[in-house]
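Close look at the chain arrangement
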Amino acid sequence: AGAVVWLIGVDKPRLRPRAGDVSVALVVRALRASGTFLALDMAGVLPYHLDRLLVLRTAGAESVTRFELATVLFLLAQSVFGVALVPLWPALGEAYRRADFAWVRRTFSRLVWWSVIGMGAVVVLGVVAGPWAISLWTGRTDVIPDRVLLLAIGGYFVLRTFAECHIVLLYSRNRQGAMLLPVFLNGVLLLVLGFALGRIW
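Residues numbered from 1 in each chain as written. Predicted model: local features only at pLDDT ≥ 70, side-chain atom pairs only at ≥ 80, totals over all residues. Heavy atoms only, no water.

Generally speaking, soluble globular proteins have nonpolar side chains that are buried together. One finds Phe 81, Leu 85, Leu 88, Leu 92, Ala 95, Val 104, Phe 108, Leu 111, Val 112, Cys 165, Val 168 and Leu 169 forming the largest nonpolar core, which totals twelve residues. When contributions to this core are tallied by element, the ones reaching two or more residues are helix 5 (61-85), helix 6 (88-97), helix 7 (101-138) and helix 8 (147-172). Residue contributions to this core peak at four residues, all from helix 7. Those residues in contact with Ala 95 that sit more than four places away from it in its chain are Asp 100, Trp 103 and Val 104. Formed by eleven residues, the second largest nonpolar core is a distinct cluster that contains Val 55, Val 64, Ala 70 and Val 123. (Core = buried A, V, L, I, M, F, W, Y, C linked by side-chain atoms within 4.5 Å. Buried < 20%, exposed > 50% of the residue type's maximum accessible area, 1.4 Å probe, protein only. Helix = DSSP H or I, 4+ residues; strand = E, 2+ residues; numbered from the N terminus. Contact = heavy atoms within 4.5 Å.)

Here's what the structure looks like:
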């Protein structure tokens, strides 16, 4: 807050908001976009935050620890990927507005290839060295996830990386509303399949 006050009060006073700058249409547009992002976050609760409860329900408390440790192993790499991905959102949007479609296609193609290859390499490393790293980290051997679980969760993160590249492209085009129904249906499907397949496996 102090940095903002200094910016518009001392460094760049021309950025101070004025009553004449307010546009009801722009406020409504911003509220609509914010509401869409809120709805997407709420719809994402199903697939991204109920998985541990599904594991607890279908496999017991001991399996939750193994599942969580396997997930954290790849989530760290996913977080680094997210930091690198977010700045491309406004860049792709600006290129679209300038009709520089060649740059968009080239950048997006490279983004998808390098992201999937990078996450794939992380998965291979995690499957090979993950049990040793988790044992070293926790000091226990009874919570080490097996390699099948590591491979399955790693495969999920590769798919998630691929999907998030496309999500940024949709965001840059202000098309996030198109994701609402698919994200909600994805959550419901994962919830149903999680209970059904969890009991089998």
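Back to the write-up after that little detour.
What follows concerns the side chain of Thr 36. Topologically, Thr 36 is positioned in helix 2 (residues 24-43). If we ignore the near neighbours within four places in the chain, the residues touching Thr 36 are Gln 176, Gly 177 and Leu 180.

As a further point, take the side chain of Thr 161. Note that Thr 161 resides in helix 8. Reaching out from Thr 161, the side chain makes a polar contact with the side chain of Gln 78 at a distance of 3.1 Å. When neighbours within four sequence positions are excluded, Thr 161 is seen to be in contact with Gln 78, Phe 81, Ser 115, Val 116 and Met 119. (Polar contact = N/O pair within 3.5 Å; in protein donor to acceptor, adjacent residues only side chain to side chain.)

Of note, Leu 7 is situated in helix 1 (residues 2-11). Measuring from C-alpha to C-alpha, the distance between Leu 7 and Leu 149 comes to 50 Å, with 142 residues separating the pair along the chain. Ignoring sequence-local partners within four residues, the contact set of Leu 7 consists of Lys 12, Pro 13 and Leu 15.

Let us now look at the confidence of the model for the protein chain. On average, the protein chain scores 83 in pLDDT, and the residues at 70 or more come to 97%. Confidence, read as mean pLDDT per element, is least for helix 3 (residues 45-49) in the protein chain (68) and greatest for helix 7 (90). (pLDDT = per-residue confidence, 0-100.)

Here the focus is the packing of helix 6 against helix 7. The geometry of a pair of packed helices is captured by two quantities: the angle between their axes and the separation between those axes. Orientation of helix 6 relative to helix 7, taken along the N-to-C sense of each, is 150°, at an axis distance of 8 Å. One element, helix 6, and the other, helix 7, form an angle in the roughly antiparallel class. Relative to helix 7, the crossing made by helix 6 is left-handed. In this structure, helix 6 uses Leu 88, Ala 91, Leu 92, Ala 95 and Tyr 96 to contact helix 7, whose residues at the interface are Phe 101, Trp 103, Val 104, Thr 107 and Leu 111. Across the contact of helix 6 with helix 7, the residue classes break down as nine nonpolar, one polar and no charged. (Axes fitted to C-alpha atoms, helices over the stretch in contact; angles between N-to-C directions. Parallel < 35°, antiparallel > 145°, perpendicular 65-115°, else oblique. Left-handed = near helix turned anticlockwise from the far one by under 90°. Nonpolar A, V, L, I, M, F, W, Y, C, P; charged D, E, K, R; others polar.)

Under the definition given, this model contains four aromatic pairs. Measuring from ring centre to ring centre gives 4.8 Å for Trp 89 and Tyr 171, while their planes differ by 35°; the resulting arrangement is tilted. Highlighted residues: Trp 89 in helix 6 and Tyr 171 in helix 8, separated in sequence by 82 residues. Under the relative-accessibility criterion, Tyr 171 is labelled buried at 18%. On the numbers, 5.2 Å between centres and 75° between planes, the contact of Tyr 156 with Phe 157 is edge-to-face. Through pairs of rings, three or more aromatic residues link up here, namely Phe 74, Tyr 156 and Phe 157. Across the ring face of Tyr 96, the terminal group of Arg 173 is positioned such that the distance to the ring centre comes to 4.4 Å. (Phe/Tyr/Trp six-rings, centres within 6.5 Å; stacked < 30°, edge-to-face > 60°. Lys NZ or Arg CZ within 6 Å of the ring centre and 35° of its normal.)

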